[in-house]
Amino acid sequence: MKQISRRHFMEAAAAGALSASVLPALSEAGEKPNKKPLYIAAYDTEAAECLAAVAKIVDVHKRYEMPATFFIVGKTLLANPGEYRRLLTNPLFEVASHTYTHGLLRDHPFGPPAVSDEEKRNEIFKSKTVIENILRQRCTGLRTPYGYDNGLKGDPKVLGLVKEAGYDYVSSLLWGPDCSQPALLADPFNYAADGFGELWELPGHGWHENLLTTNNGWGPRRLTLWPPIMPEAIPDKRVSTPREEFEVYKVFIEKARRDGNLFVSFIWHPWSLNKFDPEMKMLDLMFDYVRGLGIETGTYGQLYRRVTA
Ligand SMILES: [Zn+2]
């Protein structure tokens, strides 16, 4: 993947394609800064309990001028439209779809069965319409509930619906091989092999934090791969403090910097973050660390524009 040049970067910034908050990452002297990976904070906003959590999360983001993508379930947004409009209408934030009711678009070994074809259409189309009507901004991305170890590869029906609805990207590669945790540091790709070359996959990385902290209440589960691909990212017990949680994520950022990955973004859920860490200390640790590294920060929408530039 080509690296964005300083000239292109400045043009993109001038055109508003990149948030002002990424500008300090450029060095004054003009030497080539190590800007990779782009760090994206992202939240699967899917439950009634998410509203109170999002209010806290937004405060932390404002403090750090940290961009974010909120993938939101249409029904969750419809339950509190005014509150979400007030919280999420901010140039720092992108709001994208997490389907209309959180119905599965494909079967997943740990989830309920996929919904019917007609319901899939509703999940994909209606969430986009609801977000655009309530938040008065274009919704260009879709994160599938649960996610998969191969994204939407080999599913032209669902890919066709996503394209027909007018999305630019999906974020559905959210598991490691054989539906294991954690999800590896996959870079974006398009679905040309399935006949949808203009549709991009922008994966998520690391652990679904609700599994790392066992907030799902699933108990012991067959979750990790053996032999593991990233043993250093698999703690030997449940994570019990915000710092321990942060230390797991840090492993991925260090690896992404070493390997030159294009971006890194974790799979976070407001309801679960708030349950585990009501003071949002982990976000403080993470954003402080990211700012200290001087790497760029942005949204999934900005990543899409970058990979298709
Ligand atoms: Zn979800």
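Quick caveat: nothing in here was measured; it's all calculated off a predicted structure.

Digging into the overall build of the chain
Working step 1: Tallying secondary structure elements over the chain gives eleven helices and eleven strands in all.
Working step 2: The 309 residues of the chain split such that 45% are buried.
Working step 3: Across the chain, every contact between residues at least 6 apart in sequence was considered, and the portion connecting residues at least 24 apart equals 81%.

Some points on the nonpolar core
Working step 1: Counting 77 residues, the largest nonpolar core has Ile 40, Ala 42, Ala 68, Phe 70, Val 95, Val 162 and Tyr 300 as the members making the most contacts within it.
Working step 2: The greatest single-element share of this core, amounting to six residues, is contributed by strand β1 (residues 38-45).
Working step 3: Those residues within four positions of Phe 70 in sequence are excluded, and the remaining contacts are Tyr 43, Thr 45, Leu 88, Phe 93 and Val 95.

Section: the pairing of strand β2 (residues 68-72)
Working step 1: Across the five residues of β2, five count as buried, placing the element largely inside the fold.
Working step 2: Alternating positions in β2 separate into two faces, Ala 68, Phe 70 and Ile 72 on one and Thr 69 and Phe 71 on the other, with burial throughout.
Working step 3: Bridge count for β1 against β2 is five bridges, and the pairing is parallel. Within β2, the residue paired with Ala 42 across the bridge is Thr 69.
Working step 4: The handedness of the β1 to β2 crossover, carried by helix α2 (residues 50-64), is right-handed.
Working step 5: Summarising the sheet, β2 and strand β3 (residues 93-97) pair through five bridges and their orientation is parallel. From the neighbouring strand, Phe 71 faces β3, where its bridge partner is Ala 96.

Thoughts on unusual backbone geometry
Working step 1: A cis amide bond links Gln 181 to the next residue, Pro 182, at an omega of 0°.
Working step 2: Phi is positive for His 102, which is not a glycine, with a value near 75°.
Working step 3: Mapped onto the elements of the fold, His 102 is located in the loop between β3 and α5 (117-135).
Working step 4: Of the residues examined, His 102 has 21 C-beta atoms within 10 Å and is grouped as buried.

Quick notes on the confidence of the model for the chain
Working step 1: Per-residue confidence for the chain gives a mean pLDDT of 91, with 89% of residues at or over 70.
Working step 2: Below pLDDT 50 for its whole length, residues 1-33 participates in 32 contacts with residues either more than four positions away or in separate chains.

Focus on helix α8 (residues 242-259)
Working step 1: Relative to the 26 Å expected for 18 residues at 1.5 Å per residue, α8 spans 26 Å between its end C-alpha atoms, a close match to the ideal helical length.
Working step 2: For α8, the set of buried residues is Pro 242, Glu 245, Val 248, Tyr 249, Phe 252, Ile 253 and Ala 256.
Working step 3: Looking at the packing, one finds that the buried side of α8 touches β8 (205-208), α7 (209-212), β9 (263-264), β10 (266-267) and α10 (281-293).

Cut-offs applied
- Residues numbered from 1 in each chain as written.
- Predicted model: local features only at pLDDT ≥ 70, side-chain atom pairs only at ≥ 80, totals over all residues.
- Helix = DSSP H or I, 4+ residues; strand = E, 2+ residues; numbered from the N terminus.
- Buried ≥ 20, exposed ≤ 12 C-beta atoms within 10 Å, placed from the backbone.
- Contact = placed C-beta atoms within 7 Å.
- Core = buried A, V, L, I, M, F, W, Y, C linked by C-beta atoms within 7 Å.
- Pairing = 2+ DSSP bridges.
- Right-handed = clockwise from strand over helix to strand, strands pointing away.
- pLDDT = per-residue confidence, 0-100.
- Expected span 1.5 Å × (residues − 1).

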